[in-house]
Amino acid sequence: MINVTKEQKGEVLVVRLSGSIEESVNFDQLIGPPPPDLHVNCKEVSRINSAGVKAWIKYFQAAAAKGTKLRFLECSTAIVEQINLISNFVVTGEVESIYVPFSCTSCKAELIALFKTVDLKANGLTAPELKCTKCSGNAVFDDIEEEYFGFLSR
Ligand SMILES: [Zn+2]
């Protein structure tokens with residue numbers, strides 16, 4: 001089940017998606033007719049299955065075709081995976097920021113940290129080291145950089 005909250009900020013409609021995106025999703029109903037400026041916050045999207053992906057692409061493609069300016073913010077790791085797998089997943093939209101998985105080299109905790117895509121590009125598509133939030137040890141990027149950041153170089 002997906003939950004959507006909407007907030008109008010000046011010209012921009014900000015929608016926050018949370019939960020899991022599946023066949024039952026109806027973006028036309030949840031978001032409504034696409035506005036001129038749409039920002040989609042994906043922080044709380046835990047998973048998306050193939051039917052969810054189809055519904056997602058259908059809605060956002062139609063929106064882009066109507067001239068909606070799309071921006072995707074705080075993309076969860078589940079969303080980043082789809083962006084990398086499916087070349088038109090964000091259609092013409094801009095991906096502003098993504099969550100990046102880390103693991104601590106001392107206590108093995110799994111962490112996520114938010115980065116702006118411009119900063120990742122400036123950093124040569126590598127993730128900087130982080131301090132573990134649990135033990136203050138060194139946390140390192142926990143995926144394959146060429147794959148996780150792949151969409152930023154295409
Ligand atoms: Zn730690």
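As a convention, each chain's residues are numbered from 1 in the sequence order in which they are written. Only residues with pLDDT of at least 70 get local features here, since the model is predicted, and only at 80 or more are side-chain atom pairs given and counted; chain-wide, interface and lining totals rely on the full set of residues. Side-chain numbers come from the whole structure's heavy atoms, not from hydrogens or water.

## Brief notes about the nonpolar core
Note the cut-off: We define a nonpolar core as any set of buried Ala, Val, Leu, Ile, Met, Phe, Trp, Tyr and Cys residues linked to one another through side-chain atoms lying within 4.5 Å. Residue exposure (1.4 Å probe, protein chains only): buried if accessible area is under 20% of the type maximum, exposed if over 50%, otherwise partly exposed. Each domain's limits were defined by an automated method or a database of domain assignments.
Formed by 46 residues in total, the largest nonpolar core has its most connected members in Trp56, Ile98 and Val100. Here this core spans two domains, since at least three of its residues come from each of domain 1 (2-95) and domain 2 (100-143).

## Focus: the coordination of the zinc ion
The following threshold applies: Here a donor is an N, O or S atom found within 2.8 Å of the metal, or within 3.2 Å if the metal is Na, K or Ca; sites may look incomplete because water is not among the atoms. Helix and strand assignments follow DSSP, with helices taken as H or I runs no shorter than four residues and strands as E runs no shorter than two, numbered in order from the N terminus.
In this structure, Cys104 (SG), Cys107 (SG), Cys132 (SG) and Cys135 (SG) serve as the protein donors to the zinc ion, at separations of 2.3 Å. As a motif over one chain, the donors of the zinc ion read C-x2-C-x24-C-x2-C. With Cys107 in the loop between strand E6 (97-104) and strand E7 (110-116) and Cys135 in the loop between strand E8 (130-131) and strand E9 (138-141), this pair connects stretches of sequence that are 28 residues apart. Exposure remark for Cys107: the relative accessible area of 37% places this residue in the partly exposed category.

## Digging into the domain arrangement of the protein
Each assigned domain of the protein is listed here: domain 1 (2-95) and domain 2 (100-143). Relative placement of domain 1 and domain 2: their C-alpha centres are 25 Å apart.

## Focus: the environment of His39
Inspection of the secondary structure puts His39 in strand E3 (residues 37-48). For the pair formed by His39 and Val14, sequence separation is 25 residues and the distance between their alpha carbons is 4.7 Å.

## Some words on the pairing of strand E2 (residues 12-21)
Worth spelling out the cut-off: For two strands to pair, DSSP has to find at least two bridges joining them.
Of all ten residues making up E2, eight are buried, and the element is well covered by its neighbours. Note: strand E1 (residues 2-9) against E2, eight bridges, orientation antiparallel. For Asn3, the partnering residue across the bridge sits in E2 and is Ser18. Bridge analysis of E2 against E3 gives nine bridges, and the strand direction is parallel. Note on E3: the bridge partner recorded for Gly19 is Val45.

## Side note on the pattern of salt bridges
The line we're drawing: For this document, the term salt bridge refers to a Lys or Arg side-chain nitrogen within 4 Å of an Asp or Glu carboxyl oxygen.
For the coordinates displayed, the defined rule picks out four salt bridges. Where Lys69 meets Asp37, a salt bridge forms, and the shortest distance between an N and an O atom there is 3.9 Å. Separated by 32 residues along the polypeptide, Lys69 in strand E4 (residues 69-73) and Asp37 in strand E3 bring together distant segments of the chain. Through salt bridges with shared partners, a single network forms among Arg71, Glu94 and Glu96.

## What to know about the sheet that holds E8
Working definition: the strands of a sheet are paired by backbone hydrogen bonds and lie parallel or antiparallel to each other. Spatially, the four strands line up as an open sheet ordered E7-E6-E9-E8, and their pairing is antiparallel. Where the open sheet ends on each side, the last strands, each with one partner, are E7 and E8. Relative to E7, E6 is paired through seven bridges, and the arrangement is antiparallel. Bridged to Ile98 within E7 is Phe115.

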